[in-house]
Structures are given as C-alpha cells and as structure tokens.
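Residue-level structure breakdown
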Amino acid sequence: MTLTIHGIVRSRAIRNVWAAEELGLPYTIDEVGFGPEGSRSPAFMSAINPNGHIPALSDGSLVLWESLAINLYLAKKAGGTLAPASLAEDGLMTMWGFWAMAEIEQHAAPIMYHTALYPEAERDPALRQKHIDAVHAPMGVLEAHLKSHGYLVGGRFTMADLNLVCCVFYLRFTPEIIAAYPAVKAWYEASMARPATRRAFALRGE
Ligand SMILES: N[C@@H](CCC(=O)N[C@@H](CS)C(=O)NCC(=O)O)C(=O)O
C-alpha cells in the first residue's frame, strides 16, 4: 500500500521523504502547508494530527506523527540495513532519536532561526549565543562516538544516522559549528551526499 506523507518538503516532512527514498517505499505527498488552511485546519487536526503540526504519515488506517518516530517505523516496516537487526539495535536507534531531539534539535533549531530564517529584526543574538554555547556539549558527545564507531549503530548507515543528520542539518547556517567536529562533519557530508538524500532534497530545489 502506498504511504501518504502529510506535509510540505520545506518542513520536517523532508525527513520522511528522505527515509522513504532510502527505503524504496512508495509514497505520495499530501501537500499540507502551514496555517489555518493547512496543518491548523480543523479537518487536518481532527483526522490526522491533533497537534496541528506537519509531518504526519498515513499507512492504511494507521496515522503517525512525530517525524523521527515515523522514520523508525518506516525502517522497521521496510527492513534491510537501515532497520534495527536486533532488539539491542532497536533500543540504540530509539535512544539516538530521542537524544537527537532533546540534545541537538532543541539548540540547533533556534540557532537556525536566529541566524538565518527569522527576519533580521526578529533575531535575538543573545538567545542565539546561548544555544550555540549549549550545543557544543552534545556535539562533543557525537564527535567522540563517530570517531570511534563511524556510525551511530551497528557500524553502518541506519535510520538512527538519518534522523540525527536531519537535526544537525539545522546547523547548516553556522558551518563553523559543524567544522569544529571533524568526524561529525565527514559523517554529515557523506550522509547529505547519498543518492536518496539528493533525490529527496531535489524536491526542495536543493
Ligand atoms: N516534533 C515534531 C515537530 C513538528 C513541527 O513542529 N512541525 C512544524 C513544521 S517543521 C509545524 O508544523 N509548524 C507549524 C505549526 O505548528 O503550526 C516532529 O518532529 O514532527
């Protein structure tokens, strides 16, 4: 059955599009954008995501939201090398996914907004700096892990890597942060150069 990814590629829905491309899963994109006509519409919030956010995934009668959880589901659905090969790997991939959101994304997102995405008048340099200071500790943890393991789990590229790369992606407007961590930089750049990544990001014109 064809999967439906609800959302637009210029949102966290790109994470799920990239995952589906990696896994070779057929999907369609239901172009739900932002605002009262999109993710905040009563119809979308009652049928798909009561939080009013994108992305969400429909797989038959199953509806999932939370981009990184969707990706872990897709990996297990498709199987193959991106999926956990054991319960232990499943636990580690879940751990890294929660960590990606709790330790990296919570700082990387405001860094991105206050560096580039908000109009200049709305940028807060002090808040930006606070998050830059805070992101170095988890980036150091990631650097140490990648230096000794190459990948997050199982010595191969898995959905754990894809999920975390999607959060490190928010540091793209501050490349000096990524460059301070050579193992992270090499892993990030290799992940962003994968054929499936390019196919997904081509949908954004990137
Ligand atoms: N933790 C959620 C965050 C979802 C989220 O905040 N999505 C943004 C777009 S990337 C959104 O829908 N913003 C519009 C809104 O909340 O109205 C996930 O990873 O899926």
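1. Brief notes about the pattern of salt bridges
According to the stated counting rule, one finds 10 salt bridges in the structure shown. Two residues, R194 and E22, come together in a salt bridge whose shortest N-O distance is 2.8 Å. On the criterion of sequence distance, the pair formed by R194 in the loop between α8 (182–192) and α9 (195–202) and E22 in helix α1 (residues 13–23) is long-range, its members being 172 residues apart. In this structure, a network of salt bridges that share partners links the residues R10, R204 and E206.

2. Topic: the environment of K77
Here K77 is to be found in helix α3 (residues 67–78). Remark: the alpha-carbon pair of K77 and G38, spanning 39 residues in sequence, is separated by 28 Å. A polar contact is formed between the side chain of K77 and the side chain of D59, at a distance of 2.8 Å.

3. Structural notes on the pairing of strand β1 (residues 3–6)
The alternating pattern of β1 places L3 and I5 on one face and T4 and H6 on the opposite face, and all of these are buried. In this structure, β1 lies alongside strand β2 (residues 27–30), joined through 4 bridges in parallel fashion. Bridging across to β2, I5 finds its partner in I29. In this region the chain leaves β1, passes through α1 and returns to the parallel neighbour β2; the handedness of that crossover is right-handed. Note: β1 against strand β3 (residues 56–59), 3 bridges, orientation antiparallel. Considered in β3, the bridge of T4 is made with S58.

4. Details of the sheet that holds β1
Read from one edge to the other, the open sheet built from 4 strands follows the order β2-β1-β3-β4, with strand pairing classed as mixed. On the outer flanks of this sheet lie β2 and β4 (62–65), each paired with one strand and no other. Sheet twist, expressed as the average angle between the axes of neighbouring strands with direction ignored, equals 20°.

Parameters and conventions
Residues numbered from 1 in each chain as written. Predicted model: local features only at pLDDT ≥ 70, side-chain atom pairs only at ≥ 80, totals over all residues. Heavy atoms only, no water. Salt bridge = Lys/Arg side-chain N within 4 Å of Asp/Glu carboxyl O. Helix = DSSP H or I, 4+ residues; strand = E, 2+ residues; numbered from the N terminus. Polar contact = N/O pair within 3.5 Å; in protein donor to acceptor, adjacent residues only side chain to side chain. Buried < 20%, exposed > 50% of the residue type's maximum accessible area, 1.4 Å probe, protein only. Pairing = 2+ DSSP bridges. Right-handed = clockwise from strand over helix to strand, strands pointing away. Axes fitted to C-alpha atoms, helices over the stretch in contact; angles between N-to-C directions.

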